[in-house]
Amino acid sequence: MIQVRDLKKAYGRVRALKGVSFSLQPGVTGLLGPNGAGKTTLLRCMLGIIRPTSGDVRLPDGSRGQHREVGYLPQRFGLLRELTVHEALAYFAALKEMPPDDVEAAIDEALREVNLLDRKSTQVGALSGGMIRRVGVAATLLGCPTVLVFDEPTAGLDPEERVRFKRLVASLSPARAVLISTHIVEDIVALASRVMVLDGGEVRASGTLEEVANLARGKCYFAPPGRVNEYSADYFIDGYAEVDGQSFAKVLSPRPYEGFTPRTPSVEDGYLCVTRGMV
Amino acid sequence: MRRPLVWHVMSNAGGYGLVPPIAVGLLLPMGLLLVERSRIPQLKPVYLDYAVRLLIPAFAAWWPSLAFKERIEGNGRELLYFLRRKGESVTALLIGLVYCLMLIPFASVALTRAQFAPTSLYLLIARCLFVTALTFFAAFALQSGVLALVLTVAVNLVVMSPMENAIDTSALVSSTTGVGSAYAVGAVYVLLSAGLFCLGEMRSRRFTP
């Protein structure tokens, strides 16, 4: 639905994107990467917000730069605080040049999808951060775009709102292509069927969740936490877990050490292996 | 019927958007009526001069600085930019024209009761358009509505009167009637406005991360 070919972007001497290529298919795709990996730059170049240094992006109908088929929710969203939710969405509908006769029904439909129909007459400024983000999702859904792009959609949301957002994305039609950019692996595991790992301006890995998790196969171990300092420095502690009442450090290591017990890799393990150069 | 974008933009200005209608559409004409009825005849030309040279053009900067604030420095500017890939010069021009329409009460009082020359009205409209265009351009160039407002008011206070006098003097040399010089000053403002609208349009099409 979207094809990106050899996309490059440089800010002076800094190469933010070093030739990114992928194609976005229907379903939810996660774009994972640490802060500064180039995720937002990639999305902005892809959507024509900033001009790439080189490369090509083809949107759903084969065009470049046409954006009515694409809904985008940027990382920062909190605008039009003086307007009511209805007025704000009417403004977005006008910006999207929707036919006037379709606007009311489209607003109701979008608000129903984000469960905010009862807040139609509330001033945007009076809503909570999570609700404002849902208004943002509603604005993104206006006009039924076939491609949805969310940049760090759960950043700054409380746990309840994060769950609500995940439910909302999960309920979206599978015919749509949804791209979610985040550094929160948990969100991707809950929502996406495919994942791309972007690091240092390059796609370092991509595939299904299982394929990315498998990148860490043979590198995931449990280690007794009291002894981790005894091993050499070529491992990475990924977290801690309790197994049969005993505490263990979750370790990523290119080779096993004495006392290590193998464990099943997760998507997070695969992601960490990629970003730590262990693949 | 689809409401024009400028309607939505100005709705978001809230109560602050009412400052120019109250000041220029209501208080200044009322003040002129009061001055006209006062017993101090010297007051009327002074009031008219301040209103026409300073106050009314200065208030013309208010709406554009407010209207593009969200697009320039608001939290949703990226989304607005994404959805509105075109520039904003048409919105700015519409704002300028609506502001000029708001001058009707003042112009009515001034033309009928204060010997206000029609050429002065033409010049006033040209000044207001210039201030609108300057604020629009400055807002996008400086990426700040407030700075644009301050800059434009400063230009209005410091630059516009001497500039008008300079054009006026050189125009009078080639015109024996004073009318020609007012048109010359107005024409300069209109040309400058067109240039600033074009520059502002170009700048507003570029996203600054």
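Whatever comes next refers back to the structure up there.
Below you will find a few notes about this structure. (Residues numbered from 1 in each chain as written. Chains lettered and ligands numbered in written order. Predicted model: local features only at pLDDT ≥ 70, side-chain atom pairs only at ≥ 80, totals over all residues.)

## Let's talk about the overall build of chain A
(1) Moving on: Helices and strands together make up the secondary structure of chain A, namely eight helices and 13 strands.
(2) Moving on: With respect to the principal axes defined by its C-alpha atoms, chain A has extents near 70 × 45 × 35 Å.
(3) Moving on: Burial status across chain A gives 42% buried among its 279 residues.
(4) Moving on: Summarising the internal contacts of chain A: among those between residues at least 6 apart in sequence, 68% fall at separations of at least 24. (Helix = DSSP H or I, 4+ residues; strand = E, 2+ residues; numbered from the N terminus. Buried ≥ 20, exposed ≤ 12 C-beta atoms within 10 Å, placed from the backbone. Contact = placed C-beta atoms within 7 Å.)

## Here we look at the overall build of chain B
(1) Moving on: Secondary structure assignment for chain B yields 12 helices and zero strands.
(2) Moving on: Listing each helix as α and each strand as β along chain B from the N terminus yields α-α-α-α-α-α-α-α-α-α-α-α.
(3) Moving on: Computed over the C-alpha atoms, the radius of gyration of chain B is 18 Å, within 12% of the 17 Å expected from 2.2 N^0.38 for a compact globule of 209 residues.
(4) Moving on: Residue burial in chain B is summarised as follows: out of 209 residues, 42% are buried. (Rg over C-alpha atoms; globule rule 2.2 N^0.38 Å.)

## Overview of the nonpolar core
(1) Moving on: With 89 residues, the main nonpolar core has Leu89, Ala93, Ala110, Ala138, Leu142, Val149 and Ile180 of chain A as its most contacted residues.
(2) Moving on: Take this core: its biggest share by element is eight residues, from helix α2 (residues 85-95) of chain A.
(3) Moving on: Ala51, Leu66, Leu93 and Leu103 of chain B belong to the second-largest nonpolar core, a separate cluster that totals 51 residues. (Core = buried A, V, L, I, M, F, W, Y, C linked by C-beta atoms within 7 Å.)

## Some details on the interface of chain A and chain B
How big an interface is tends to be reported as the loss of accessible area on association of its parts.
(1) Moving on: Between chain A and chain B, the contact holds 21 residues from the first and 21 residues from the second.
(2) Moving on: Sort the elements by how many residues they give to the side of chain A that touches chain B and α2 of chain A lands first, with six residues.
(3) Moving on: A per-class count over the side of chain A that touches chain B returns 15 nonpolar, two polar and four charged. (Nonpolar A, V, L, I, M, F, W, Y, C, P; charged D, E, K, R; others polar.)

## Considering helix α4 (residues 129-141) of chain A
Residues and elements named next belong to chain A.
(1) Moving on: The terminal C-alpha atoms of α4 lie 19 Å apart, and with 13 residues this matches the ideal 18 Å at 1.5 Å per residue to within 8%.
(2) Moving on: Counted residue by residue, α4 has 10 buried out of 13 residues, so it is predominantly covered.
(3) Moving on: Turning to α4, its buried residues number three or more, namely Ile132, Arg133, Arg134, Val135, Gly136, Val137, Ala138, Ala139, Thr140 and Leu141.
(4) Moving on: Residues of α4 that are buried in the fold lie against β5 (70-73), α2, α3 (100-113), β6 (147-151) and α5 (159-171). (Expected span 1.5 Å × (residues − 1).)

## Here we look at the packing of helix α3 (residues 43-59) of chain B against helix α9 (residues 118-142) of chain B
Residue and element names in this part refer to chain B.
(1) Moving on: Put simply, α3 and α9 touch, their axes get as near as 9 Å, and they point 35° apart. Regarding α3 and α9, the two cross each other, and that crossing is right-handed. Listed contacts from α9 to Val52, Ile56 and Pro57 of α3 are Ser120, Leu124, Arg127, Cys128 and Val131.
(2) Moving on: Taken together, the residues of the contact of α3 with α9 sort by class into six nonpolar, one polar and one charged. (Axes fitted to C-alpha atoms, helices over the stretch in contact; angles between N-to-C directions. Left-handed = near helix turned anticlockwise from the far one by under 90°.)

## Let's talk about the sheet that holds strand β4 (residues 54-58) of chain A
All names here are of chain A.
(1) Moving on: Read across the open sheet, the three strands follow the order β2-β1-β4; overall the sheet is antiparallel. Every other strand in the sheet has two partners, leaving β2 (14-24) and β4 as the edge strands with one partner each. Along the sheet, successive strands turn relative to each other by an average axial angle of 20°, direction set aside.
(2) Moving on: As paired elements, strand β1 (residues 2-11) and β2 share eight bridges and run antiparallel to each other. Bridge assignment links Ala10 to a residue of β2, and that residue is Arg15.
(3) Moving on: Sheet contacts for helix α1 (residues 39-46): β1, β2 and β4; angle to β1, the most-contacted strand, approximately 120°. (Pairing = 2+ DSSP bridges.)

## Here's the deal with unusual backbone geometry
(1) Moving on: Here Asp6 of chain A, not a glycine, exhibits a phi torsion of approximately 50°, which is positive.
(2) Moving on: The topology assignment puts Asp6 of chain A in strand β1.
(3) Moving on: Of the residues examined, Asp6 of chain A has 13 C-beta atoms within 10 Å and is grouped as partly exposed.
(4) Moving on: We note that Gln143 of chain B has phi near 55°; this positive angle belongs to a residue other than glycine.
(5) Moving on: Following the sequence through the fold, Gln143 of chain B ends up in the loop between α9 and α10 (145-158).

## A word on the environment of Phe130 of chain B
(1) Moving on: Locating Phe130 of chain B in the fold gives a position in helix α9.
(2) Moving on: On a C-alpha basis, the gap between Phe130 of chain B and Gly96 of chain B in space is 8.8 Å, while along the polypeptide they are 34 residues apart.

## Side note on the pairing of strand β7 (residues 177-182) of chain A
Residue and element names in this part refer to chain A.
(1) Moving on: For β7, the tally of buried residues reaches six of six residues, placing the bulk of the element in the interior.
(2) Moving on: The alternating pattern of β7 places Ala177, Leu179 and Ser181 and Val178, Ile180 and Thr182 on opposite faces, both of which are buried.
(3) Moving on: Pairing analysis gives six bridges linking strand β3 (residues 27-32) to β7, with the strands arranged parallel. Across the sheet, Thr29 pairs through a bridge with Leu179, a residue of β7.
(4) Moving on: Of the strand pairs in this sheet, β6 and β7 are connected by five bridges, and their pairing is parallel.

## Quick notes on the sheet that holds strand β10 (residues 220-223) of chain A
All names here are of chain A.
(1) Moving on: With antiparallel pairing, four strands are arranged side by side in an open sheet as β11-β12-β10-β13. On the outer flanks of this sheet lie β11 (236-243) and β13 (261-262), each paired with one strand and no other.
(2) Moving on: Examined bridge by bridge, β10 and β13 share two bridges and lie antiparallel to one another. Bridge pairing links Phe222 to Thr261 in β13.

## Some remarks on α1 of chain A
The α-helix winds at 3.6 residues per turn, so residues separated by three or four positions along the chain end up facing the same way.
Residues and elements named next belong to chain A.
(1) Moving on: Within α1, eight of the eight residues are buried, which leaves the element mostly enclosed by the surrounding structure.
(2) Moving on: Within the span of α1, buried status applies to Lys39, Thr40, Thr41, Leu42, Leu43, Arg44, Cys45 and Met46.
(3) Moving on: Following α1 by one or two positions, Gly48 has its phi on the positive side, about 80°.

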